[in-house]
Amino acid sequence: MNKSKLLRFMMVLVPYFILLGVTIYSYADVKGSDLDSGAPKILLLIPAVISLMLPTTYGALIFGIKDNPRPTATLLVGIFMGVTLLILAGVVYLIAS
């Protein structure tokens, strides 16, 4: 396995773990079974579950394709996915507070 591929994959995987951590922290921090808006607090888990597709598809892009795409293209896609996951973590935190 190429070390640069692993580092590029970690660029997306680490923000996903941050999103999971923020989601778990926010879920545990909410008192009762509802958010302040009246929505059930289980809705906090939806972004983490749906965004599981981002590291999965990025891993398939990097490791699964035999004809490797350009490293610059995969780097840009990885940066976009990582930033998106960090924004989602902020949104989950803001919804919970």
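Above this text sits the structure in question.
Keep in mind it's a predicted model, so treat the numbers as computed, not measured.

Trainee: What's the story with helix α4 (residues 71-96) in this structure? I'm lost.
Mentor: Every α-helical turn comprises 3.6 residues, leaving residues that sit three or four positions apart pointing alike. Counted at 1.5 Å a residue, the expected span for α4 with its 26 residues is 38 Å, and the 37 Å between its end C-alpha atoms agrees. Among the residues making up α4, those that are buried are Thr74, Gly78, Met81, Gly82, Leu85, Ala89 and Val92. In this structure, the buried side of α4 is in contact with α1 (3-29), α2 (46-50) and α3 (53-64).

Trainee: Is there a simple way to think about the packing of aromatic side chains in this case?
Mentor: How two aromatic rings sit relative to each other is given by the distance of their centres and the angle of their planes. Scanning the entire structure with this criterion turns up two aromatic pairs. Relative to Phe63, the ring of Phe9 has its centre 5.7 Å away and its plane inclined at 70 degrees; by these criteria the two rings are edge-to-face. Here Phe9 is found in helix α1, whereas its partner Phe63 is found in helix α3, with 54 residues between them in sequence. Assessed through its relative accessible area of 16%, Phe9 is described here as buried. Overall, Phe63 belongs to the partly exposed group, its relative accessible area being 36%. For the ring pair Tyr16 and Phe17, a centre distance of 6.4 Å and an interplane angle of 50 degrees mean the geometry is tilted. Of note, Lys41 hangs over the ring of Tyr27, and the distance from its end group to the ring centre comes to 4.6 Å.

Trainee: In this structure, what is going on with the nonpolar core? I would like to understand it.
Mentor: Within soluble globular proteins, side chains that are nonpolar generally end up buried alongside one another. Val12, Leu19, Leu35, Leu44, Tyr58 and Leu85 are the most contacted members of the largest nonpolar core, which totals 15 residues. Listing elements by their share of this core, those giving two or more residues are α1, α3 and α4.

Trainee: Sorry, what's going on with the side chain of Ser26 here?
Mentor: With respect to the helices, strands and loops of the structure, Ser26 is situated in helix α1. Beyond its immediate chain neighbours, meaning those up to four positions away, Ser26 contacts Leu44, Val92, Tyr93 and Ala96.

Conventions adopted
Residues numbered from 1 in each chain as written. Predicted model: local features only at pLDDT ≥ 70, side-chain atom pairs only at ≥ 80, totals over all residues. Heavy atoms only, no water. Helix = DSSP H or I, 4+ residues; strand = E, 2+ residues; numbered from the N terminus. Expected span 1.5 Å × (residues − 1). Buried < 20%, exposed > 50% of the residue type's maximum accessible area, 1.4 Å probe, protein only. Contact = heavy atoms within 4.5 Å. Phe/Tyr/Trp six-rings, centres within 6.5 Å; stacked < 30°, edge-to-face > 60°. Lys NZ or Arg CZ within 6 Å of the ring centre and 35° of its normal. Core = buried A, V, L, I, M, F, W, Y, C linked by side-chain atoms within 4.5 Å.

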